[in-house]
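# Notes for the structure review
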Amino acid sequence: MTSAMEWRHVGTNDNPADIISRGLMPNELQYATLWWSGPEFLRDGEATWPGEYQEPDKVYETVNVCAEERSETFPIFENVSSYRKMVRVMVWINRFIGILKKKTDVPKTSYMSGAEKTIAIRQLVKLVQGEAYPELISRLKQGKLIDARHRLITLSPFVDDQGVLRVGGRLRNKSCNFDMKHQYILPPYHKLTEAVIREYHRENMHSGNQLTLSMIRETFWIERGKSAVKRYNCLRCYRHKPKQLQQYMGDLPADRVELIYPFYNTGVDFCGPVYLKPTIRSLTTRLKSYICVFVCQATKAIHLELVGSLTSVAFIAALQRFVSRRGKCAKLISDNATNFVGANNNLKELHELFNSQPFLKNLNDFIEEKTIQWIYIPPRAPSFGGLWEAGVRSLKHHLCRTLGEAVLTFEEMTTVLTRIEATLNSRPLCALSDDPADYNALTPGHFLIFRPLNAISEPDLTNTNLHILSRWDRIKLYVQHFWRRWNIDYINQLQQRSKWHSKIPVAVGQLVVVREDNVPPQQWLLGRIEQLFPGKDNIVRVVNIRTVRGVYKRSVSRLSLLPIKDNDNNVNNNAAQE
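On a predicted model such as this, the values are computed, not experimentally measured, just so you know.

Turning to the packing of aromatic side chains, a few remarks are in order. Throughout the structure, instances matching the rule amount to nine aromatic pairs. Ring centres of Tyr 261 and Tyr 264 lie 5.2 Å apart, and the angle between their planes is 85°; on these two criteria the pair is classed as edge-to-face. Judged by centre distance (4.1 Å) and plane angle (5°), the ring pair of Phe 294 and Phe 322 falls under stacked. Remark: Phe 322 occurs in helix H15 (residues 312-326) and Phe 294 occurs in strand S6 (residues 287-296); sequence separation between them is 28 residues. By way of ring pairs, the aromatic residues Tyr 83, Tyr 184, Tyr 200 and Phe 220 are connected into one cluster. The side chain of Arg 217 reaches across the aromatic face of Trp 221, ending 4.0 Å from its centre. Seen from the ring of Phe 533, Lys 553 lies directly overhead, with NZ or CZ sitting 4.5 Å from the centre.

Okay, structure coming up:
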């Protein structure tokens, strides 16, 4: 029998046996000189042969010591993300070392015992603390006092008999186990800390930040624990309550700031349905109707039309009444027809109307005859039509509080809508002048009848010689005065961005959650940004999203970025390419 001192170690690059264990293709075997001729060092003198063999105990004791003293080289934190798996891997490492040391008490079972788990956790914590607090541990082991300015001074830390840094605290007299009174201290930024937070969050059924932190503190004390737990992003929790993106508020379009007559540029939207009865005496029959809302882009004046039936003829008739009363408009802006797709049956009826061929043909014939341009905003982007969305909200505010549960006839509802229209057109846009004795305010009604629509009547002064100007000249002067106040005061109020001050970096390849109305959050689709549509200010507010159901064009406000590193990498890559 040979002794251990006669053995030498052959590296993997010089070992022909590795060719068998790793496998080699037949066409490559003929060129494998290592297999046919053996390692090169055998042809040289014995002095050039590999080094002598060492005892297994000495080898792995050295590896274990190096792993403890130079913890930055320990690969478990980089290769494993699960806390349970980290502990399990450490248990198997300890068992393997025990077998090499020929210990007789190494368990043979596939599961780990409580004692093994406790030892593995302590070793993991010790590795992390060696990286984060080497100077503090060294001072405490030498019996020196901790620096009064140290960030852990309030915890009164100490090093136990196993060399692990623990919380001293003030609970020495509490009747509980040692680990609950003196928790392991963990740094806020480390892979193990993230794994612990993730494990306790999931183990407690995706608990909130406060409950997760309280459960962690039964064993671990994370430095700046509140911010560390809050910083953790659970994808499952995020998908149930995603954070909506709010892109930087854009500039006002030209339609909002042009000096032009009312309703020259108009936004249109539908509201409803509302239920009417055919006659006053009818008690059971109900007719479904809708309200068509027209909003002037410049003056915010509102025109309401009651649509008796959801047909192309009824809608175009309402559009004809609007044009006949308010004048022909140059541009009509509306939501995209696909906005009406959803679980709500009422929205489906609108969708069917706006996508039916007879409706599109009749509408195109009408707007071509009137030379009106019809523009759609991007789908699912209500912020692009905020002006008429606000008008619909104001209409619903007055309508619900006025009617309650009452059901009116068509004539009664028309009367109510005209009164609401007058009220909305009398709301102030800004003060009419800086004179403290002037109690008037500039309203949309000033641009329609030169005064608020619900103002009290005034005496007829036609034959009164108030000025040398004729009455028509005075009317023109009033109109110019209103537009001047609109241009100076009202438009200047729109100068500031009241919200959406941050520019959200959006890049191709980012993974997002597509928010949908009338659909539970857990059923919202995941998609990846495929194409960007930057505006005139080079800020992206509309994108194409590829999902399992196809490609959709959506506003950025309908998306939620998943809190993953891949999204940040895509932003950095796109910035580098630019």
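Picking up where we left off.
Moving on, we get to the sheet that holds strand S7 (residues 302-307). Spatial ordering of the open sheet is given by S7-S6-S5-S8-S9, a layout of five strands whose pairing is mixed. The open sheet is flanked by S7 and strand S9 (373-376), the only strands paired with a single partner. With direction set aside, neighbouring strand axes in the sheet form an average angle of 30°. As judged from the four bridges shared by strand S5 (residues 265-276) and strand S8 (residues 331-334), these two strands associate in the parallel manner. Bridge pairing in S8 links Asn 265 to Lys 331. Contacts between helix H18 (residues 386-403) and the sheet are confined to S5, S6, S7 and S8, with S5 contributing the most and set at about 30° to the helix.

This part covers the pattern of salt bridges. This structure, assessed with the given rule, holds 14 salt bridges. Arg 325 serves as the salt-bridge partner of Glu 305, at 3.5 Å between the closest nitrogen and oxygen. Taken together, the residues span a long stretch of sequence, with Glu 305 in strand S7 and Arg 325 in helix H15 at a distance of 20 residues. A relative accessible area of 56% means that Arg 325 is categorised as exposed. Overlapping salt bridges, with partners in common, bring together Arg 151, Glu 223 and Arg 224 in one network.

Calculation rules
- Residues numbered from 1 in each chain as written.
- Predicted model: local features only at pLDDT ≥ 70, side-chain atom pairs only at ≥ 80, totals over all residues.
- Heavy atoms only, no water.
- Phe/Tyr/Trp six-rings, centres within 6.5 Å; stacked < 30°, edge-to-face > 60°.
- Helix = DSSP H or I, 4+ residues; strand = E, 2+ residues; numbered from the N terminus.
- Lys NZ or Arg CZ within 6 Å of the ring centre and 35° of its normal.
- Pairing = 2+ DSSP bridges.
- Axes fitted to C-alpha atoms, helices over the stretch in contact; angles between N-to-C directions.
- Contact = heavy atoms within 4.5 Å.
- Salt bridge = Lys/Arg side-chain N within 4 Å of Asp/Glu carboxyl O.
- Buried < 20%, exposed > 50% of the residue type's maximum accessible area, 1.4 Å probe, protein only.

Keep in mind these values describe shape, not function.
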